[in-house]
Structures are given as C-alpha cells and as structure tokens.
Amino acid sequence: MRKYNVAVVGATGLVGTEMISTLEKRNFPVKELSLLASERSMGKELNFRGKEYPVKVLNEDSFKGVEIGLFSAGGSISERFAPIAVKDGCIVIDNTSAFRMEPDIPLVVPEVNPEDIGVLGTGRIIANPNCSTIQMVVALKPIHDAVGIKRIVVSTYQAVSGTGKDAVEELAGQTRALLALKEPEIKVYPHRIAFNCLPHIDVFLDNGYTKEEMKMVNETKKILKDSSIAVTATTVRVPVFYGHSESVNIETERKITPDEVREILSRAPGVTVIDNPGLSEYPLASDAAGKDNTFVGRIREDESIPNGINMWIVADNIRKGAALNAVQIAEILIKGE
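All values reported here derive from a predicted model rather than from experimental measurement.

*Asks:* Please clarify how the overall build of the chain should be interpreted in this entry.
*Replies:* Along its length, the chain carries 8 helices and 13 strands. Compactness check: the chain gives a C-alpha radius of gyration of 20 Å against a globular reference of 20 Å for 337 residues, within 12% of the reference. Overall, the C-alpha framework of the chain stretches about 60 × 55 × 40 Å when taken along its three principal axes. Counting across all 337 residues of the chain, residues that qualify as buried make up 53%. Residue pairs at least 24 apart in sequence account for 67% of intrachain contacts in the chain once pairs closer than 6 positions are excluded.

Below, the structure written as structure tokens:
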C-alpha cells in the first residue's frame with residue numbers, strides 16, 4: 001500500500017492530538033508525519049505509533065513534500081497557511097470556518113456527500129464543517145433522501161471542549177472552586193460556565209443570531225445541496241466536557257412515522273439509534289464521548305404540525321465533530337489512488 005506524507009497543523013490542541021490518535025487508530029498509511037504548531041509548543045514531543053515526534057514551528061516552508069495537511073489551528077492560521085500548502089501541492093483538510101462557505105471549496109461530511117471529495121491530486125482545500133452541523137446532517141440526510149425536509153429547528157447543548165483546552169480547564173477549575181465555596185475565576189467565557197448554561201457561542205451578529213448559529217444554518221444548506229430548507233438554530237454552551245447534544249425538530253415534505261425514522265437511521269452509515277425511553281435508554285453525551293458514531297434517540301412525532309418529527313442527536317464533538325471527519329475525508333481521497 002502506498003503511504004503518504006501527512007502534516008497536522010495545530011498538533012498540540014485538543015483536535016490536533018485527536019487527529020494524531022485517529023490516524024493511528026484507523027491505521028492511516030502515513031509515510032512521514034509532520035507535527036506543526038506555534039512557537040509556544042517548541043520543544044514538545046507527541047507519540048505516534050510508539051515513536052516520539054518533535055513538534056515543529058509552523059512556517060512558510062513547512063509543506064514541502066507534504067501531500068495531505070490536516071489543519072486545526074484557528075481560522076487566521078488557515079487563511080494564511082492553507083494557500084501556501086496548496087501552492088506546494090498539498091491537499092488541505094481544514095477544520096476551521098475560514099473556507100466553509102467559499103463556493104468552489106467542498107464542505108464535506110463523508111456519510112453525507114462523499115462525492116464532493118474528489119481524488120488525491122494537485123493542491124486544493126476541502127473544508128470540515130462545524131461540529132454541530134456534522135452530527136446533525138449525518139442523522140438528517142437519510143431522512144431528507146426519503147421524504148424531504150422542509151424546515152429544521154435545532155437547539156444545541158455544546159460541550160466546553162469545542163472552545164479548546166483552556167475552556168476544559170476553566171470548567172474543571174470553576175467546579176472545584178464552587179464546591180470549595182470559593183469564587184470561580186472567569187477567563188474564557190463572558191460568564192461562569194460551571195453549573196450554568198450560556199446561550200452564546202461565538203460573536204453576536206446584526207440579525208440577533210450568533211455566528212455559530214448562522215454556521216449551522218448556512219452549512220446545512222450547502223452540505224445537503226438544498227437552499228430551500230428553512231433552518232433556525234439556538235446554540236448553547238453547557239457544563240459538559242466532551243459531547244455535543246442537540247434537540248432537533250424537522251418538518252418533512254411527506255409524512256413519516258417515528259418507526260420509519262428509526263428503521264431508516266438504523267441502516268444509515270455512522271448512526272446508532274438508542275431509543276427505548278421506557279428503560280431510560282437514549283443518547284447521552286457521556287456515552288458518546290470517545291465514540292465514532294452519531295447517536296439518535298427520543299424519536300417521536302411532533303403533534304403540533306402534520307409532518308413533524310422530534311429527535312435527540314449526540315456525538316463526540318472532538319472526534320466525529322472534527323478529527324474523525326477530517327481523517328475520513330483523507331481516507332476517501334486516497335481510495336482513488
């Protein structure tokens with residue numbers, strides 16, 4: 001089997017380290033691995049397949065000979081270095097929002113629109129969607145194919161790991177402080193996150209939505225290739241370390257029953273149905289953490305409209321919502337070799 005030169009940009013972050021782990025777990029054919037980060041990570045080493053690899057400082061010469069670049073170091077870094085990587089012949093799989101809505105750049109979830117990936121060749125960019133969008137469209141695409149979706153109303157309950165290491169440490173620190181009857185330190189979020197819910201992810205826009213909410217709206221339409229779908233979102237940060245949860249309500253073109261939805265999703269790639277509320281069996285963020293699949297439950301008819309379905313969708317935001325999705329894209333890229 002041919003092997004490939006791979007670079008991970010943002011290698012020391014939560015998503016970057018998960019990308020490295022995912023490459024190893026899925027036995028991706030890596031020939032040479034370049035771990036790239038900022039000067040703050042200089043001197044660090046990360047393990048891959050039993051060997052310690054030094055973390056190198058990202059610069060304009062980092063992509064010479066690199067064939068696949070997994071980027072997760074922030075939008076400004078991607079905007080600067082992805083075009084440089086492309087010029088050097090690298091295919092960039094970018095986990096930031098920098099290129100997602102560019103018309104000529106594919107926005108890909110492998111279970112949903114793998115045909116947009118293409119094959120390994122000259123340098124170009126493929127965008128990884130927002131973590132909340134990924135898990136939602138994995139569950140909704142099979143339903144949309146079956147009966148058509150007219151409208152989506154989604155409320156998210158997003159883990160702090162979506163913000164990064166500092167947010168994970170802040171939740172842990174605030175929890176310890178409050179349990180010790182001490183004043184918690186607030187740095188990452190505008191308010192305390194421990195024992196709290198913040199209806200505020202990313203910046204607020206002129207229309208009253210946050211940028212995160214509009215990402216879900218616009219990305220869903222692009223991935224499903226259907227601009228007629230009406231989408232509205234409310235995104236909330238909750239005191240959970242790993243695993244995003246979503247309450248999703250859909251209105252379909254044609255009638256579909258909850259049993260039919262369960263049957264469709266039980267056969268859908270990347271989906272696990274857990275839906276036995278009588279036994280308190282439904283998807284939990286704590287159960288989804290560390291898992292590859294997207295979990296769906298609480299599937300029931302919306303009795304307020306003729307063609308409505310409610311469901312609860314959960315996935316590991318760092319894994320399927322970021323690292324795994326990127327590696328799956330890379331796997332499809334090399335299949336055409």
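*Asks:* Looking at this model, I keep getting lost on the pattern of salt bridges. Mind explaining?
*Replies:* Where side chains of opposite charge bring their charged atoms close, a pairing between them can arise. Counted by the stated rule, this structure contains 20 salt bridges. Salt-bridge contacts for D292 lead to R319; the nearest nitrogen and oxygen are separated by 3.3 Å. Within this pair, whereas D292 is found in the loop between helix 7 (285–288) and strand 12 (294–301), its partner R319 is found in helix 8 (residues 319–335), the two being separated by 27 residues in sequence. What makes D292 partly exposed here is its relative accessible area of 32%. The exposure class assigned to R319 is buried, which follows from its relative accessible area of 11%. The network of salt bridges with shared partners includes E18, R26, D292, R319 and E331.

*Asks:* Looking at this structure, how should I read the packing of helix 1 (residues 14–25) against helix 8?
*Replies:* Each pair of packed helices can be summarised by the angle the axes make with each other and by the distance between the axes. It is at 9 Å that the axes of helix 1 and helix 8 come closest, and there the two elements cross at 50°. The orientation of helix 1 relative to helix 8 falls into the category oblique. Every pair of crossing elements has a handedness; the one defined by helix 1 and helix 8 is right-handed. Every residue of helix 8 that contacts helix 1 at V15, E18, M19, T22, L23 and K25 is listed here: R319, A322, A323, L324, A326 and V327. Taken together, the residues of the contact of helix 1 with helix 8 sort by class into 8 nonpolar, 1 polar and 3 charged.

*Asks:* Would you explain the sheet that holds strand 7 (residues 124–127) in this entry?
*Replies:* Pairing between sheet strands relies on hydrogen bonds along the backbone, with the strands arranged either parallel or antiparallel. As summarised here, the arrangement of the 7 strands in space is 3-4-2-1-5-6-7, forming an open sheet in which the pairing is mixed. With one partner strand each, in any of the chains shown, strand 3 (45–48) and strand 7 form the two edges of the open sheet. Adjacent strand axes in the sheet meet at a mean angle of 30°, parallel and antiparallel pairs treated alike. Sheet topology places strand 1 (residues 4–9) next to strand 5 (residues 68–71); 4 bridges connect them, and they run parallel. Bridged to V9 within strand 5 is F71. Running at roughly 155° to strand 6 (residues 91–94), helix 8 makes contact with strand 1, strand 5, strand 6 and strand 7 of the sheet.

*Asks:* What is the right way to look at unusual backbone geometry in this model?
*Replies:* Phi angles above zero are rare outside glycine, and F195 is one such case at about 55°. Inspection of the secondary structure assignment puts F195 in the loop between helix 4 (165–179) and helix 5 (211–224). Of note, the phi angle at D202 is positive, near 75°, even though the residue is not glycine. Along the chain, D202 turns up in the loop between helix 4 and helix 5. The class for D202 is partly exposed, based on a relative accessible area of 32%.

*Asks:* Just to check I follow, could you spell out the sheet that holds strand 11 (residues 271–273) for this structure?
*Replies:* Within the open sheet, the 6 strands sit side by side as 9-8-10-13-12-11. Their pairing is mixed. The open sheet has two edge strands, strand 9 (230–237) and strand 11, and neither has a second partner. Along the sheet, successive strands turn relative to each other by an average axial angle of 20°, direction set aside. In the sheet, strand 11 pairs with strand 12 via 3 bridges, with the strands oriented parallel. Paired with T272 across the bridge in strand 12 is F295. Packing of helix 5 onto the sheet brings it into contact with strand 8 (149–158), strand 9 and strand 10 (244–252), and relative to strand 9 it is tilted by some 145°. Its contacts with the sheet place helix 6 (residues 258–266) against strand 11, strand 12 and strand 13 (308–315), and it is angled at close to 165° to strand 12.

*Asks:* Would you mind going over helix 5 with me for this structure?
*Replies:* Residues lying three or four places apart along an α-helix face the same way, a consequence of the helix completing one turn every 3.6 residues. Given a rise of 1.5 Å per residue, 14 residues ought to cover 20 Å, and the 20 Å separating the end C-alpha atoms of helix 5 matches this to within 8%. Where burial is concerned, most of helix 5 is hidden: 10 out of the 14 residues are buried. Listed in full, the buried residues belonging to helix 5 are E212, E213, M214, K215, M216, V217, E219, T220, I223 and L224. Buried residues belonging to helix 5 abut helix 3 (131–147), strand 8, strand 9 and strand 10. The first or second residue beyond helix 5 is K225, which carries a positive phi of 55°.

About the thresholds
- Residues numbered from 1 in each chain as written.
- Predicted model: local features only at pLDDT ≥ 70, side-chain atom pairs only at ≥ 80, totals over all residues.
- Heavy atoms only, no water.
- Helix = DSSP H or I, 4+ residues; strand = E, 2+ residues; numbered from the N terminus.
- Rg over C-alpha atoms; globule rule 2.2 N^0.38 Å.
- Buried < 20%, exposed > 50% of the residue type's maximum accessible area, 1.4 Å probe, protein only.
- Contact = heavy atoms within 4.5 Å.
- Salt bridge = Lys/Arg side-chain N within 4 Å of Asp/Glu carboxyl O.
- Axes fitted to C-alpha atoms, helices over the stretch in contact; angles between N-to-C directions.
- Parallel < 35°, antiparallel > 145°, perpendicular 65-115°, else oblique.
- Left-handed = near helix turned anticlockwise from the far one by under 90°.
- Nonpolar A, V, L, I, M, F, W, Y, C, P; charged D, E, K, R; others polar.
- Pairing = 2+ DSSP bridges.
- Expected span 1.5 Å × (residues − 1).

Read these as geometric descriptors, not functional statements.
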